[in-house]
Structure formats: C-alpha cells, structure tokens
Amino acid sequence: MLKKKLVGIIGFPLKHSISPAFQQAAFDFCGLPVEYQAWETPAESFEERVRLLREPDCLGTNVTIPYKEAVIPLLDEVEGKARLIGAVNTVVNRKGRLIGYNTDAEGFIRALEDDAGFESFEKKAVILGAGGAARAVAVALLTAEVGELAIFNRTTARAEALANDLIRRLAVNGIQSLPWNDTLLNEKLSQCDLLVNTTAIGMAHSPRANESPLAEGLIPVHALVYDLVYNPPETMLLRLARLKGARTLNGLAMLVYQGAAAFTLWTGEKAPLGLMLDKARRALR
Ligand code: NAP
C-alpha cells in the first residue's frame with residue numbers, strides 16, 4: 001500500500017483548531033494519500049518539530065499562534081509577501097528545504113472581494129489590533145491600494161511600530177497609528193468604509209469571549225464590518241453591527257481561503273473550496 005504523506009498545523013494551544021477537519025476532507029475528496037495532523041507544540045519542542053518537516057514523507061505545515069514570526073529564522077527561504085508581512089503561516093518542504101509563505105493576506109482579500117463584494121481602491125479602512133493578523137490585513141489592503149488606513153491597538157507602541165514598518169517596507173502614505181480612545185475612534189470610524197477587527201476580543205474560549213471591542217455607539221452603520229474571528233460565527237461586534245443595519249462578514253471564509261491556498265502550495269492541485277467551507281461550518285457546530 002502507498003505510504004501516506006504527512007502535513008499538519010503547528011501551534012499552541014490547538015484544541016479548538018478546525019483546520020484538520022476541512023483540510024483532511026479536501027485531501028480525501030481529491031484522493032490524495034495525505035494525513036493532516038494537529039501538531040500541538042510547546043515552546044521547548046518547537047525547533048525539533050520544525051526540523052521534522054524536512055523528512056521526505058512530510059509535505060509541510062500550517063503555522064499558527066504563537067509561532068508565525070518565530071518560525072522564520074528556522075526556514076531556508078521566505079517568499080516575498082510573507083517577508084513583507086513579517087509572518088509565515090504555511091511552510092512547504094521542497095526536497096528537504098523549507099520555504100515559508102503567508103496565505104492570510106490572500107485569504108483576507110479574497111473573502112473581502114468575493115464574499116462581501118468590497119472593492120478597497122481609495123477606500124478608508126480602520127483596523128483594530130496590531131498583531132500578526134493585522135500585519136497581513138494591512139499589507140493586503142495597501143496592496144489593493146486602499147486610500148487611508150488607521151490602526152488602533154490597546155498597546156499603542158505596537159500600532160506605531162506596525163505603521164512605521166509598513167511605511168518603510170511598502171513606501172506608501174496614508175497610514176496612521178492611533179491610541180485607543182473613544183474620541184479618536186469615533187472620528188475615524190464615522191468616516192470609514194471598512195472596519196476590520198483583528199483583535200482576539202469576542203473569540204470563543206478566550207478571556208473576552210462574548211464581548212465587543214467597540215461600544216455599540218462607535219460601530220459605523222455605513223461601513224462593512226469584518227471580524228476575523230470565526231468562532232462564534234456571529235461575534236458580539238457583528239451582532240451589534242447587524243442590529244444597527246451595517247453589513248457584516250466573519251472570518252470563516254478567510255480561514256478556508258488561506259487553507260485552500262496552502263493546500264495548493266503543498267499539492268499543486270486546486271482545492272475543493274465548497275467542500276472545505278461546508279466542513280469548516282460543520283466543525284464549528
Ligand atoms: P496576536 O498576534 O496575538 O495579536 C492579538 C491582537 O489582539 C493584538 O493587537 C492585541 O493587542 C489584541 N488583543 C488581545 N487581547 C486583547 C484584549 N483583551 N483587549 C484588547 N486587545 C486585545 O494574534 P493574531 O495572530 O493577530 O490573531 C488575532 C485574531 O485574529 C485571533 O482571534 C485569530 O483567531 C484571528 N485570525 C483569524 C484568521 C482567519 O483566517 N479568520 C487568521 C488569522 C488570525 P496588544 O498588542 O495590546 O496585546
């Protein structure tokens with residue numbers, strides 16, 4: 001019998017990840033002899049786990065919190081977009097050499113355009129958060145030539161560092177980092193076309209599950225409200241936005257699109273998107 005190839009996801013913790021469910025379904029549907037495993041990896045075994053990716057039977061891995069930046073020095077090569085973002089969420093094993101990619105930006109923009117029909121060119125966008133996901137979102141929006149980008153974060157210094165880094169690496173204008181206060185939030189949010197929550201607030205099993213990062217009064221009615229959180233499917237932010245009459249989008253399509261792009265990088269085959277979305281939705285029930 002043909003020996004199965006391995007691929008997986010490295011992160012910590014991984015208990016709630018739904019990637020194994022929809023990725024395995026995709027390999028099975030395409031008749032590919034591949035097993036997708038959850039490699040929950042504490043910090044002390046991280047380097048060894050990455051080293052094992054070089055084995056001939058391993059196609060590569062997804063990388064998630066908290067290792068998207070830490071994995072970079074352990075790789076042989078990092079593709080252009082991932083280098084720009086400064087984070088890797090997909091690793092491909094090419095004959096023992098490890099190549100890093102970032103498919104989050106692609107997943108984010110594809111969901112924005114295909115699922116919400118939003119065209120970013122010259123629009124005003126506000127990002128809440130300045131972590132790894134915010135970096136991918138910002139690069140995706142700037143690449144799509146958004147007109148104005150305001151970044152708010154609990155830790156202002158981190159938003160400043162992100163904005164300065166983007167200005168330096170992408171040589172673009174129109175990026176601002178701002179302290180998280182209601183006056184400045186109101187000023188930017190009342191004029192924006194797109195609000196993206198990249199903070200973990202509202203995420204199931206987190207300390208601030210069932211909360212919204214913004215008070216109801218600050219949520220813009222005329223903007224598209226896009227929450228990267230996908231569990232629960234309707235976060236408190238999205239619920240408040242919907243009840244006010246705003247258009248909303250959750251993070252599930254982005255998750256599946258970034259996974260589909262990784263699937264293609266590992267196999268060279270087109271991913272069965274409809275099936276992956278269906279499996280992802282079922283895994284959340
Ligand atoms: P990260 O690098 O750890 O960044 C977390 C961000 O959330 C930081 O800006 C942090 O602010 C903020 N934050 C966390 N707890 C907070 C709190 N209690 N109050 C205020 N701000 C808080 O994580 P990440 O990789 O960017 O991921 C962020 C979220 O995006 C997660 O919910 C993740 O599941 C989601 N995500 C979704 C997809 C998808 O495909 N849908 C992909 C990637 C990420 P400080 O800087 O002040 O700590």
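Heads up: the structure comes first, above all this text.
Note that this is a predicted model, so its numbers are computed, not measured.

For the pair helix 9 (residues 252-267) and helix 10 (residues 273-283), the least separation of the axes is 10 Å and the interaxial angle reads 130 degrees. With respect to each other, helix 9 and helix 10 are oriented oblique. For the element pair helix 9 and helix 10, the recorded crossing hand is right-handed. Residues L252, A253, V256, Y257, G259 and A260 of helix 9 pack against L273, M276, L277, A280 and R281 of helix 10. Along the lines of polarity and charge, the residues of the contact of helix 9 with helix 10 split into nine nonpolar, one polar and one charged.

Turning our eyes to something else, we now look at unusual backbone geometry. The omega torsion across F12 and P13 is -5 degrees, close enough to zero to call that bond cis. Relative to the elements of secondary structure, P13 occurs in the loop between strand 1 (5-11) and helix 1 (19-29). With an omega dihedral of 10 degrees, the bond running from N231 to P232 counts as a cis peptide bond. For P232, the position within the fold is in the loop between strand 11 (224-227) and helix 8 (236-244).

Within the largest apolar cluster, 38 residues are counted, with the highest numbers of intra-cluster contacts made by F108, L112, L141, L149, L194 and Y226. Mapped onto this core, the elements with two or more residues apiece are helix 4 (104-115), strand 7 (124-128), helix 5 (132-143), strand 8 (148-153), helix 6 (156-170), strand 10 (194-197), strand 11 and helix 9. In terms of residue count, the dominant contributor to this core is helix 5 (eight residues). Apart from the residues lying within four places of it in its own chain, the contact partners of L141 are F108, I109, L112, S120, A125, I127, V146, L149 and L194. If you look at the next biggest cluster of nonpolar residues, it comprises 26 residues, including F27, Y101, L255 and A262.

Further remarks concern the side chain of T61. Its place among the elements puts T61 in strand 3 (residues 58-63). One polar contact links the side chain of T61 to the main-chain carbonyl oxygen of G8, over a distance of 3.0 Å. T61 has contacts with V7, G8, I9, I10, W39, L53, N89, T90, V91 and W266, leaving out every residue within four places of it along the chain.

Further remarks concern the environment of A159. With respect to the helices, strands and loops of the structure, A159 is situated in helix 6. Ignoring anything within four residues of it in the chain, the contact list for A159 reads A130, I151, N153 and S177.

Taken together, 24 residues are adjacent to the ligand, and A133, N153, R154, T155 and R158 come closest. Within the contact set of the ligand, an oxygen atom lies 2.8 Å away from a side-chain nitrogen or oxygen of R154. One of the backbone N or O atoms of L228 is found 2.9 Å from a nitrogen atom in the ligand. Bound to the protein, the ligand loses 83% of the 920 Å² it would expose on its own. Among the residues forming the shell around the ligand, the class breakdown is 11 nonpolar, eight polar and five charged.

As a further point, take the pairing of strand 11. In summary, the side chains of a regular strand alternate between the two faces of the sheet. Side chains L224 and Y226 project from strand 11 onto one buried face, and the interleaved V225 and D227 project onto a second face that is buried too. Taken together, the four bridges between strand 10 and strand 11 define a ladder with parallel strand orientation. Counterpart to V196 in the pairing with strand 11 is Y226. Bridge count between strand 11 and strand 12 (residues 247-249): three bridges; the pairing is parallel. Bridging across to strand 12, Y226 finds its partner in L249. For the crossover from strand 11 across helix 8 to strand 12, the handedness is right-handed.

Here the focus is the sheet that holds strand 8. Spatially, the six strands line up as an open sheet ordered 9-8-7-10-11-12, and their pairing is parallel. Two strands close off the open sheet at either side, each with one partner strand: strand 9 (175-179) and strand 12. For this sheet, the mean angle separating the axes of adjacent strands, direction not counted, is 20 degrees. Sheet topology note: the strand 7/strand 10 ladder contains four bridges and is parallel. From the neighbouring strand, V126 faces strand 10, where its bridge partner is L195. Helix 7 (residues 182-189) contacts strand 7, strand 8, strand 9 and strand 10 of the sheet and is inclined by roughly 155 degrees relative to strand 8. The strands touched by helix 8 within the sheet are strand 10, strand 11 and strand 12, with strand 11 carrying the most contacts at an inclination of about 165 degrees.

Thresholds applied
- Residues numbered from 1 in each chain as written.
- Predicted model: local features only at pLDDT ≥ 70, side-chain atom pairs only at ≥ 80, totals over all residues.
- Heavy atoms only, no water.
- Axes fitted to C-alpha atoms, helices over the stretch in contact; angles between N-to-C directions.
- Helix = DSSP H or I, 4+ residues; strand = E, 2+ residues; numbered from the N terminus.
- Parallel < 35°, antiparallel > 145°, perpendicular 65-115°, else oblique.
- Left-handed = near helix turned anticlockwise from the far one by under 90°.
- Contact = heavy atoms within 4.5 Å.
- Nonpolar A, V, L, I, M, F, W, Y, C, P; charged D, E, K, R; others polar.
- Core = buried A, V, L, I, M, F, W, Y, C linked by side-chain atoms within 4.5 Å.
- Buried < 20%, exposed > 50% of the residue type's maximum accessible area, 1.4 Å probe, protein only.
- Polar contact = N/O pair within 3.5 Å; in protein donor to acceptor, adjacent residues only side chain to side chain.
- Near = heavy atom within 4 Å.
- Areas by Shrake-Rupley, 256 points an atom, 1.4 Å probe, with all protein chains shown as cover.
- Pairing = 2+ DSSP bridges.
- Right-handed = clockwise from strand over helix to strand, strands pointing away.

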